[in-house]
Amino acid sequence: MRQLLSGMVLLGIMTSRNSVLSGGVEDVPASSRARQFLSEHEAKVRPLEKAVSLAWWQANISGKDEDFKAKEEAQNRLDAVLADSSRFAELKKIREALSGSAKKADETLVREIEVLYLQYLEKQVDPELLRKMNEKANAVEKAFNVYRAKVAGKEMTDSEVRKLLKESKNSEERRAVWEASKAVGAAVEADLKELVKLRNEEARKLDFKDFHVLQLYLNEQSQEKVLQLFDELHELTRKPFQAVKAEIDAKLAKDYGVSPENLRPWHYNDPFFQESPAIYGASFDPVYAKVDILKLCREFYAGIGLPIEDVIARSDLYEKEGKSPHAFCTDIDREGDVRVLANIVPNEYWMGTMLHELGHSVYSSKNIPRSVPYVLRAECHILTTEGMAMMFEQFSKSADWLEKMGVHVEDRVTLGETGRKMRRNQLLIFSAWCQVMLRFEKSMYEDPDRDLNRLWWDLVEKYQLIHRPDGRNAPDYASKIHIVNAPAYYHNYLMGQLFASQVHQAIAREVLKTDPANALYNGNKDVGEFLKKKVFDPGRSLRWNELTRHATGEDLNAKAFAAGLK
Ligand SMILES: [Zn+2]
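What you see is a predicted model, and the numbers here were worked out from it, not measured in a lab.

Visitor: Pulling in residues and values, what's your account of the environment of Val 125?
Guide: Inspection of the secondary structure puts Val 125 in the loop between helix 4 (107-121) and helix 5 (127-146). C-alpha of Val 125 to C-alpha of Ser 541: the two residues are 416 residues apart in sequence and 27 Å apart in space. Residues in contact with Val 125, not counting those within four places in the same chain, are Leu 130, Met 133 and Glu 202.

And the structure:
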């Protein structure tokens, strides 16, 4: 999904242990217990996981209350099994016995147990505490759903707010609408703060410092290392971001008739400055208005040896009443039943979205070998699958890619240059925004009683280079719904982007033997082969950092990303 949490993604995949001895496989009692646990788990949990996927799919297609209820019930049935504390105690013992065993245990078996351990750990919450957390989270989500910005007594929907922020040239009008859109923060602030404390209570019961540390642990990430990576990224992107920001500010200031120093948060094209404002005249929309997006996707993916006909056949791709307006890809059964939900209209946004979602679809049980056991037969990590989806998505803004797809582009040089700038700006703007999200959430869970209003704007000023509103003291952070319903998650998008840049560079170097800046995959089946072998095949057998080394020869780092900004 594009910057949206998919509830389908099971995040329980990480290990704290470093090495698994490789070599000869010899059965030890711990191994037998592990195998038995796995076969019991699979017998019980596999049908429940499939039922959750199907119910999720159905609810999003129909939008009906009864289907949403069925989805919640299916999820509760699965959670109840994973929450079983005696099963968890047994699993914990097996995990310890495997790591303490003098004999070499089968690597795959150790990994399967590790993945299950984290999947169960996440659900080991005191039922009363869980009830309170769900109640608070639901209260906040409901408040978001019913909230409408009110300007001069008139209510505005979210899309009306966004439209106005894209189009209005009137600073006072923009300010009024922006402030009204932020007022949801004040409406949810108290519940959100309580939710944060309850989440911390949960984390401490599981022996973690706070909820942020726990969430990262459940995703095989250490807070310290993620912060190091973000520091490195900040260092590499600071100057190019400054340059891009100055270019954007000059254009916006001119449009609004203010001086650049007087630009405030409401002058950007979306409520959080996470998207690139449209400052260039040229656009890809007129090109895509005349194109069959689905046909391009079919031909492109078939051309690189990763055909998607079966996915298309099972998918639900066009708008209809009651259906979710978003887009996502879901692997129903880890047996190749992979589907995409979308609402295609012929424009650049949906070309990018379809390349993105179908990018998820090729990195699924459709292409992960059946020889990988059920527990590990899924994408390695949320960041690796988002990375692959983003790697393909980038081509929607490439005039050269369109030409190779047989689409004639008028004024190819101008649009090519515009597309290149749009991609670069988007990477820099999104990167700065993710810095704010990661650091804010980390500090908020560390100390929920600090001055969060101020912390938010301190970070926005430092990383996004946006001047805070003068004299305002309001919980503007609380108007970002992800802080409620996708906590400690956002940084994975940026890490996914780094992964995408590294894999793209590896494809350019090893398969296409060309400069990454000009590397197109069109019609080259070796690209698909490379991805299968280097990224898809291991499933979850490797941890995300091991997979990054396996695929690119390096740890996840910001160099390829920074090189791509030139
Ligand atoms: Zn995605």
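Visitor: Quick one: what's the story with the packing of helix 20 (residues 491-512) against helix 22 (residues 544-552), residue by residue and with numbers?
Guide: Viewed as axis vectors pointing N to C, helix 20 and helix 22 meet at an angle of 20°, and their least axial separation amounts to 9 Å. The pairing of helix 20 with helix 22 is recorded here as roughly parallel in orientation. Crossing angle aside, the handedness with which helix 20 passes helix 22 is left-handed. Each of Met 495, Phe 499, Gln 502, Val 503, Ala 506 and Arg 509 in helix 20 lies in contact with helix 22, whose residues at this interface are Trp 544, Leu 547, Thr 548, Ala 551 and Thr 552. The residue inventory of the contact of helix 20 with helix 22, partitioned by class, reads seven nonpolar, three polar and one charged.

Visitor: Requested: an account of the pattern of salt bridges, with residues and values cited.
Guide: For the structure shown, the criterion picks out 49 salt bridges. Lys 209 is the salt-bridge partner of Glu 446, the closest N and O atoms lying 3.7 Å from each other. Of this pair, Glu 446 sits in helix 17 (residues 412-446) while Lys 209 sits in the loop between helix 8 (184-205) and helix 9 (211-218), placing them 237 residues apart in sequence. In this structure, Lys 245 engages Asp 249 in a salt bridge whose closest nitrogen and oxygen atoms are separated by 2.8 Å.

Visitor: Explain the nonpolar core to me, and be specific about the residues and the numbers.
Guide: Formed by 168 residues in total, the largest nonpolar core has its most connected members in Trp 401, Trp 456 and Leu 531. Considering each element in turn, this core owes the most residues, 13 residues, to helix 17. Once you skip the residues sitting within four places of it in the chain, Trp 401 turns out to touch Tyr 288, Leu 296, Phe 300, Met 351, Leu 355, Phe 395, Leu 520 and Asn 522. The next biggest cluster of nonpolar side chains, apart from the first, holds seven residues, and it includes Ala 149, Met 156, Leu 164 and Val 177.

Visitor: Can you tell me about the pairing of strand 4 (residues 338-341), naming the residues and giving the values?
Guide: Burial along strand 4 is two-sided: Val 338 and Val 340 facing one way and Arg 339 and Leu 341 facing the other are all buried. Here four bridges tie strand 3 (residues 328-331) to strand 4, and the two strands are oriented antiparallel to one another. Counted as the bridge partner of Thr 330 is Arg 339 from strand 4. In this antiparallel pair of consecutive strands, strand 3 and strand 4, the connection spans six residues, and Arg 334 shows a positive phi of 55°.

Visitor: Give a detailed account of the packing of aromatic side chains, specifying residues and quantitative values.
Guide: Tallying each qualifying case throughout the model produces 28 aromatic pairs. An aromatic cluster is present here, built from Phe 272, Phe 430, Trp 433, Phe 440, Trp 456, Tyr 477, Tyr 489, Tyr 490 and Tyr 493 joined pairwise through their rings. In this structure, Arg 334 is placed above the aromatic ring of Tyr 374, and the distance from its NZ or CZ to the ring centre is 4.7 Å. Lys 480 extends its terminal NZ or CZ atom over the ring of Phe 272, reaching a point 4.8 Å from the ring centre.

Visitor: Describe in detail the confidence of the model for the chain, supporting the description with residues and values.
Guide: When pLDDT is averaged across the chain, the result is 91; 95% of the residues are at 70 or more. Contacts for the low-pLDDT stretch residues 3-27, under 50 throughout, to residues beyond four places or in other chains number 79 contacts.

Visitor: Let's hear about the packing of helix 6 (residues 158-167) against helix 7 (residues 171-182): which residues, and what values?
Guide: Here helix 6 crosses helix 7 at 150°, and the two axes come no closer than 10 Å. Looking at the two axes, helix 6 sits roughly antiparallel to helix 7. Crossing geometry of helix 6 relative to helix 7 is assigned as left-handed. Where helix 6 abuts helix 7, its residues Val 161, Leu 164 and Leu 165 lie against Glu 173, Arg 174, Val 177 and Ser 181. Split into classes, the residues belonging to the contact of helix 6 with helix 7 amount to four nonpolar, one polar and two charged.

Visitor: Outline the state of the cysteines, listing residues and values.
Guide: In total, this model carries zero disulfides according to the counting rule given. Lacking any disulfide linkage, Cys 434 is separated from the closest cysteine sulfur, that of Cys 380, by 20 Å.

The rules behind these values
Residues numbered from 1 in each chain as written. Predicted model: local features only at pLDDT ≥ 70, side-chain atom pairs only at ≥ 80, totals over all residues. Heavy atoms only, no water. Helix = DSSP H or I, 4+ residues; strand = E, 2+ residues; numbered from the N terminus. Contact = heavy atoms within 4.5 Å. Axes fitted to C-alpha atoms, helices over the stretch in contact; angles between N-to-C directions. Parallel < 35°, antiparallel > 145°, perpendicular 65-115°, else oblique. Left-handed = near helix turned anticlockwise from the far one by under 90°. Nonpolar A, V, L, I, M, F, W, Y, C, P; charged D, E, K, R; others polar. Salt bridge = Lys/Arg side-chain N within 4 Å of Asp/Glu carboxyl O. Core = buried A, V, L, I, M, F, W, Y, C linked by side-chain atoms within 4.5 Å. Buried < 20%, exposed > 50% of the residue type's maximum accessible area, 1.4 Å probe, protein only. Pairing = 2+ DSSP bridges. Phe/Tyr/Trp six-rings, centres within 6.5 Å; stacked < 30°, edge-to-face > 60°. Lys NZ or Arg CZ within 6 Å of the ring centre and 35° of its normal. pLDDT = per-residue confidence, 0-100. Disulfide = S-S within 2.5 Å.

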